[in-house]
Amino acid sequence: MAFDKQQFEDILNDFTIDSDELREIAGAFRYDLKQGLKDPDLSSMRMLKSYIGLPTRKETGEYLALDLRIRLDGDGKFEVLKKVAKPLVVPGKYNYIAADATAEQMFGFIADLVEEAVEGDHTKKYFLGHTFSFPSEQTDLYNAKLIIWTKEFATPGVEGKVVNDLLKDALHKKGLDNVEPTAVINDTVAVQLAAAYKHDNVNIGCIYATGHNTCYLEPYADKAQEAMILNLESGGFNRLTPGRFDIELDKVSEKPGEQRLEKMVSGRYMGELFGMALAELFDEKGKNYGFTSIDMSAIMDDEDPQHPAIIKLVAEKTGHTLDAADADKVQDLVLRIVNRSARLVAASFVGILWQLQGAEQHLAPQTIAVDGSVYEKMPHAKENLMKGLSELLGEDAAQVTTVLENGGSGLGAAIAAAVAASRR
Ligand code: GLC
């Protein structure tokens, strides 16, 4: 069975954003951001305060970043003294992010990691910074209450709670009262802090991975308050027109109506969008083949004109054997979905850059720090993001550099712990 030509074209179109639309989205993003600065309720983004600005680069000393022990040496220099890094899910073994896990189990597991990071030392005093990659409402650096799980996390008993209190309790139960949680930051903020410890002009931090979100340094030009990083929770941006697959995917997700941009761009969802489109082409609408963004990377990487890798992968996942021409179409479809994702992320950056530029004629030099598997590893993601920036910014694009900051979550948390300690 070969794909229906018209149906295929329609599906591709559904994932296409042309230049005009992209510009409109960037404008809508800026508008939404401006509205949010007046009052977060007026924006589709949460615009959460982080209670931290950029590092001075004089931050030094030994800190815990949850399961990492780090020594900051100032001026961008640091050393990881101990790294534990164990995932919250090991399929078939345990899963602390599922609806049948408990908050106690989740934080108990995290406390175990901390214990490993301090190598069982229950006496030496440690300040701990925690990178927590979910929307949290903060009143200061310590006090961050989880608003809502995103990215299909479902552990009950954490939403609405102060995460550091849960962590403190769990540490206490393990006899780790020497470890004092002092700071919670979003992962985007961690990326920005880590990059700004090393580079100049880092006004934007972004995660482009399983989830997607961006933060930036709001200068508060009217000096009403000190400059502070705002975690936009830009994955929630919804002033854009979703395609029909986006609408379908949202309906069957854990939190329908939430995280509309994230569901169009992030690694957690791109494979699903692709699978939905493919199911239509195979006349099996509604089937979930379980494609991941890693599969999509493999599909893009198959440069052989006969596409043996694509044919094998699709057969394994769907039971259908493609001919080379249809395998080529499958590759086009994947490219289109990834390209759309990267362009949307570019448009959101441009929305922020326009806001930072204000009435100035030209954009000042800007370094955007990005972390995440999609940006780092997915073929064509970074390149399309850069193209999108050029398309929208024209010659000002030369002012913008992006840097990969892939140690951000640990380094950023250590910097936040150092800042919290300096405020005592
Ligand atoms: C989700 C979370 C956000 C986080 C992002 C990247 O969008 O809501 O807080 O920054 O994922 O991990």
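Residues numbered from 1 in each chain as written. Predicted model: local features only at pLDDT ≥ 70, side-chain atom pairs only at ≥ 80, totals over all residues. Heavy atoms only, no water.

Caption draft 1: Looking closely at the domain arrangement of the protein. Its domain assignment divides the protein into domain 1 (5-48 + 197-404) and domain 2 (60-185). One C-alpha centre belongs to domain 1, the other to domain 2, and the line joining them spans 28 Å. Listed by partner, the interface residues are 15 residues for domain 1 and 18 residues for domain 2. With both chains or domains summed, domain 1 and domain 2 bury close to 1300 Å², and 58% of this area falls on carbon and sulfur atoms. Applying the counting rule to domain 1 against domain 2 returns one salt bridge. In this structure, E159 engages K255 in a salt bridge whose closest nitrogen and oxygen atoms are separated by 2.9 Å. In this assembly, domain 1 and domain 2 are joined by six residue pairs in polar contact (both at pLDDT 80 or more). Broken down by class, the residue content of the side of domain 1 that touches domain 2 amounts to three nonpolar, four polar and eight charged. (Domains from an automatic or database assignment. Contact = heavy atoms within 4.5 Å. Buried area = accessible area lost by both parts, 1.4 Å probe. Salt bridge = Lys/Arg side-chain N within 4 Å of Asp/Glu carboxyl O. Polar contact = N/O pair within 3.5 Å; in protein donor to acceptor, adjacent residues only side chain to side chain. Nonpolar A, V, L, I, M, F, W, Y, C, P; charged D, E, K, R; others polar.)

Caption draft 2: Looking closely at the sheet that holds strand β11 (residues 202-208). Pairing in this open sheet of six strands is mixed, and the strands run β1-β13-β12-β11-β14-β15 from one edge to the other. Both edges of this open sheet fall to β1 (48-49) and β15 (400-404), since each of them pairs with a single strand only. Two elements, strand β14 (residues 366-371) and β15, share five bridges in a ladder whose sense is parallel. Following the sheet pairing, Q366 is matched in β15 by V400. In the packing of helix α5 (residues 187-196) onto the sheet, contacts are made with β11, β12 (212-218), β13 (228-231), β14 and β15, and the angle to β11 comes to roughly 135°. (Pairing = 2+ DSSP bridges. Helix = DSSP H or I, 4+ residues; strand = E, 2+ residues; numbered from the N terminus. Axes fitted to C-alpha atoms, helices over the stretch in contact; angles between N-to-C directions.)

Caption draft 3: The arrangement of the site of the ligand in detail. As a matter of local geometry, the ligand sits amid 15 residues, with K151, N186, D187, E233 and E262 nearest to it. Within the contact set of the ligand, an oxygen atom lies 2.8 Å away from a side-chain nitrogen or oxygen of N186. Taken by itself the ligand offers 310 Å² of open surface, and the protein chains cover 98% of this. Among the elements of the structure, α5 and β12 are those that each provide at least two residues to the shell around the ligand. (Near = heavy atom within 4 Å. Areas by Shrake-Rupley, 256 points an atom, 1.4 Å probe, with all protein chains shown as cover.)

Caption draft 4: Structural detail: the pattern of salt bridges. Considering all chains together, one arrives at 27 salt bridges under this definition. Here K125 makes a salt bridge to E180, at a shortest N to O gap of 2.7 Å. Of the two residues, K125 is situated in the loop between α3 (103-117) and β7 (126-131) and E180 in strand β10 (residues 179-185); the sequence distance between them amounts to 55 residues. What emerges from the salt-bridge pattern is a single network uniting E62, R69, E119 and K124.

Caption draft 5: View of the environment of E119. Inspection of the secondary structure puts E119 in the loop between α3 and β7. Taking relative accessible area as the criterion, E119 reaches 54% and is therefore assigned exposed. Once the C-alpha coordinates of E119 and R69 are considered, the two residues, 50 residues apart in sequence, prove to be 9.9 Å apart. Residues in contact with E119, not counting those within four places in the same chain, are R69 and K82. (Buried < 20%, exposed > 50% of the residue type's maximum accessible area, 1.4 Å probe, protein only.)

Caption draft 6: Representation of the nonpolar core. In terms of nonpolar packing, the biggest core is built from 77 residues, with Y208, F274, L278 and L333 touching the most fellow members. Setting aside anything within four residues of it in sequence, one finds F274 in contact with F291, M296, I299, V330, L333, V334 and I337. Core analysis: the second largest hydrophobic core is formed by 32 residues, F107, I110, A117 and F132 among them. (Core = buried A, V, L, I, M, F, W, Y, C linked by side-chain atoms within 4.5 Å.)

Caption draft 7: Local environment of the side chain of S50. With respect to the helices, strands and loops of the structure, S50 is situated in the loop between β1 and β2 (60-65). By relative accessible area, S50 is classed as buried at 2%. There is a polar contact of 3.1 Å between the side chain of S50 and the backbone oxygen of I52. Polar contacts involving the side chain of S50 include one to the main-chain carbonyl oxygen of I229, which spans 2.6 Å. Each residue touching S50, except ones within four places of it in the same chain, is listed here: Q138, L141, V189, M228 and I229.

Caption draft 8: Just the environment of E226, in detail. For E226, the position within the fold is in the loop between β12 and β13. For E226, a relative accessible area of 70% gives the class exposed. Separated by 174 residues in sequence, E226 and I52 have C-alpha atoms that sit 9.5 Å apart.

Caption draft 9: Quick look at helix α9 (residues 293-301). Those residues of α9 that sit buried are S293, D295, M296, S297, I299 and M300. Of the surrounding secondary structure, the elements contacted by the buried residues of α9 are α8 (267-281), α10 (308-318), α11 (324-357) and α12 (373-377).

Caption draft 10: A look at unusual backbone geometry. If you check the backbone angles, N201 has positive phi at about 60° while not being a glycine. Among the structural elements, N201 can be located in the loop between α5 and β11. Here E233, not a glycine, exhibits a phi torsion of approximately 50°, which is positive.

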